[in-house]
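Close look at the chain arrangement
Spelled out from the first residue to the last, the chains are:
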Amino acid sequence: MDVVTSADRPDLEQQAAEAFRVTWPEFVFHDPVATQLVARVCTYFPQYDVLLLDGGRVVAGGWGVPIAWDGSVADLPEGYDGALARAVDGHESGVDVTTLCLMAAAVAQDEGRRGLAGEVLSALRRRAADAGLVHVVAPLRPTTKARYPLVPMSRFATWTRADGLSVDPWLRTHQRLGATVLGPAPRSMVITGTVAEWESWTAMVFPESGRYVVPDALNLVDIDLEDDVGTYVEENLWVRHV
Ligand SMILES: CC(C)(COP(=O)(O)OP(=O)(O)OC[C@H]1O[C@@H](n2cnc3c(N)ncnc32)[C@H](O)[C@@H]1OP(=O)(O)O)[C@@H](O)C(=O)NCCC(=O)NCCS
């Protein structure tokens, strides 16, 4: 298994995008903060965008952004959007960074359950240590949380199995690498769209105003027909690796 970054192998961009795009719900591609900042993130931080290659083929990947963080819960960014903004603003104003914030990881569709995601996280942690970053954190999107959209993250985070690890497989992968839970990120990602946009992103219909359970959404989506707006505020979970 080879570990490369998008800085080493820009030619793999298309293959990586195709391998991973199917694993995310459409609405996550309409986060306005990410849409606004993604090009700069790719330009500024390609060293923290790793790909695992098996026989030259992209099988898994993940990325993070370097941020200034003082190690306290109070100084954490608001969540995913906040970490992106802090990384880009910090880079542009020459702030000293201390921390790698892990933003996402994914494995190609036919490559799950081989421990590849853990290898991606370990590769990113090594890069952070090599660059002198002293902390590694993540605003996690627990993969099974979408089945419990009515449960606050603060409760979900306490659900453990007999072995003491989380009921959530993605959180378990982080815990096995030594991560501990810091607490919820209540406004990690905020996505708004017209009702028609939400209907096309979710393949659902929203005939009346109200809060809806949407596939792969960790929280309810609030639909307001009068103002023609759907609002999704995703709550994530901060974990700390080091
Ligand atoms: C989440 C993800 C990265 C895990 O990758 P992976 O390489 O399969 O993970 P691992 O092999 O380390 O498996 C970790 C645990 O998840 C479980 N798991 C993996 N895929 C699963 C699935 N589809 N359904 C249920 N459990 C699953 C494994 O059995 C393992 O459980 P264990 O703790 O009981 O051993 C991968 O499923 C994925 O790409 N998902 C879509 C993108 C995503 O949600 N990323 C995370 C948010 S950024």
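Look up: the structure comes first, before these words.
Each chain carries its own residue numbering, running from 1 in the written order of its sequence. Where local features are concerned, this predicted model is filtered to residues with pLDDT of at least 70; where side-chain atom pairs are given and counted, the filter is 80 or more; whole-chain, interface and lining totals use all residues. Hydrogen atoms and water are omitted, and side-chain values are computed over all heavy atoms in the structure.

1. A few points about the packing of helix 2 (residues 32-44) against helix 3 (residues 80-92)
Rules: Axis lines are fitted to C-alpha atoms, over the contacting stretch for helices. Their N-to-C directions set the angle, which ranges from 0 to 180 degrees. Here a helix means four or more residues in a row that DSSP labels H or I, a strand means two or more in a row labelled E, and each is numbered from the N terminus. Working rule for angles: under 35 degrees goes down as roughly parallel, over 145 as roughly antiparallel, 65 to 115 as roughly perpendicular, anything else as oblique. For any helix crossing, the convention is left-handed if the near helix is rotated counterclockwise from the far helix by under a right angle, and right-handed if that rotation is clockwise. What makes two residues a contact is simply this: any of their non-hydrogen atoms within 4.5 Å. Just so you know the grouping, Ala, Val, Leu, Ile, Met, Phe, Trp, Tyr, Cys and Pro go in nonpolar, Asp, Glu, Lys and Arg go in charged, and all remaining residues, Gly too, go in polar.
Viewed as axis vectors pointing N to C, helix 2 and helix 3 meet at an angle of 45°, and their least axial separation amounts to 10 Å. In terms of orientation, helix 2 and helix 3 fall into the oblique class. Here helix 2 and helix 3 pass one another in a crossing that is left-handed. Contacts between helix 2 and helix 3 involve V33, A34, L37, R40, V41 and Y44 on the former and, on the latter, Y80, D81, L84, A85, V88, H91 and E92. Within the contact of helix 2 with helix 3, the residues separate by chemical class into nine nonpolar, one polar and three charged.

2. Concerning the site of the ligand
Put simply, the rule reads: We define proximity as follows: a residue is near a molecule or strand when any one of its heavy atoms falls within 4 Å of that partner. Polar contacts, as used here, are pairs of N or O atoms within 3.5 Å; protein pairs need one atom able to donate a hydrogen and one able to accept it. Residues neighboring in sequence count only if both atoms are side-chain atoms.
The local shell around the ligand holds 20 residues, among which V107, R113, G115, R172 and R176 are the closest. Within the contact set of the ligand, an oxygen atom lies 2.7 Å away from a side-chain nitrogen or oxygen of R172. Within the side chain of R176, one N or O atom sits 2.8 Å away from an oxygen atom of the ligand. Sorting the residues of the shell around the ligand by element identifies strand 4 (99-107), helix 4 (116-130) and helix 6 (169-176) as the ones contributing at least two each. Looking at the shell around the ligand element by element, the count peaks at five residues for helix 6. Taken together, the residues of the shell around the ligand break down into nine nonpolar, five polar and six charged.

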